[in-house]
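This is what each chain is made of:
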Amino acid sequence: VQLVESGGGLVQPGGSLRLSCAGSGFTFSNRYMTWYRQAPGKERELVAGISSDGGNTNYADSVKGRFTISRDNGKNTMYLQMNSLKPEDTAVYFCRVQITWRAYWGQGTQVTVSS
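Overview of the structure. Just so it is clear, the model here is predicted, and its values are computed rather than measured. (Residues numbered from 1 in each chain as written. Predicted model: local features only at pLDDT ≥ 70, side-chain atom pairs only at ≥ 80, totals over all residues. Heavy atoms only, no water.)

1. Considering the overall build of the protein chain
Right, so step 1: Of the regular secondary structure elements, the protein chain holds zero helices and eleven strands.
Right, so step 2: Along the chain direction, N to C, the helices and strands of the protein chain fall in the order β-β-β-β-β-β-β-β-β-β-β.
Right, so step 3: Overall, the protein chain is about 40 × 25 × 25 Å in size when its C-alpha atoms are taken along their principal axes.
Right, so step 4: Burial analysis of the protein chain (115 residues in total) assigns 42% to the buried set.
Right, so step 5: Taking all contacts inside the protein chain whose residues are at least 6 apart in sequence as the whole, residues at least 24 apart take part in 52%.
Right, so step 6: Approximately 6000 Å² of the protein chain is accessible, and the part contributed by carbon and sulfur atoms is 44%.
Right, so step 7: Here the protein chain contributes 12 positively and 8 negatively charged side chains, and the mean placements of these two sets differ by 4 Å. (Helix = DSSP H or I, 4+ residues; strand = E, 2+ residues; numbered from the N terminus. Buried < 20%, exposed > 50% of the residue type's maximum accessible area, 1.4 Å probe, protein only. Contact = heavy atoms within 4.5 Å. Areas by Shrake-Rupley, 256 points an atom, 1.4 Å probe, with all protein chains shown as cover. Lys, Arg positive; Asp, Glu negative; His and termini not counted. Charge placed at Lys NZ, Arg CZ, Asp CG, Glu CD.)

2. Looking at the pattern of salt bridges
Right, so step 1: Taken as a whole and assessed by the stated rule, the structure comprises four salt bridges.
Right, so step 2: Note that Glu45 and Arg37 form a salt bridge whose closest N and O atoms lie 2.6 Å from each other.
Right, so step 3: Given the relative accessible area of 5%, Arg37 is considered buried.
Right, so step 4: Residues Asp89 and Arg66 are paired through a salt bridge, measuring 2.7 Å at the closest nitrogen-oxygen approach. With Asp89 in the loop between strand E8 (77-82) and strand E9 (91-99) and Arg66 in the loop between strand E6 (57-59) and strand E7 (67-72), this pair connects stretches of sequence that are 23 residues apart.
Right, so step 5: Accessibility expressed as a relative area gives 1% for Asp89, which makes it buried.
Right, so step 6: Connected through salt bridges with shared partners, the residues Arg37, Glu45, Arg66 and Asp89 form a single ionic network. (Salt bridge = Lys/Arg side-chain N within 4 Å of Asp/Glu carboxyl O.)

Here's what the structure looks like:
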C-alpha cells in the first residue's frame, strides 16, 4: 500500500490550494479515504473523509464551507480543495486509508498560510 500526497505550498491568507493523494497497492475504489493534518506542537486531527463512491463526505467544523474533499476512482486519486485559507490551516496534511485492522498514511505535504 502506498499513498503519495502532493500540492502543498506557501499561500497567502484567503488563497487556495488543491492537494492530491495518489493511492496504489490496494483497491482504491473500495475504500473510505480521509485527510488529516498536524500543526506544529499539536495532535494530528481529522479534516475530511469521503466514502468509496464519493457520495458521502464529512468535514471538521473548522473547515466546513471552505474545504471540499473529492475523489477520482479512475485515477486512484483523492483531492482536497482548500479555499479561503487561514493561518491556522498551516500544517502538514496527510491522507489515510484503513485496510482491515491497519491504517496506512502518506508522507504528508506541507501547507503554510502566511503573508
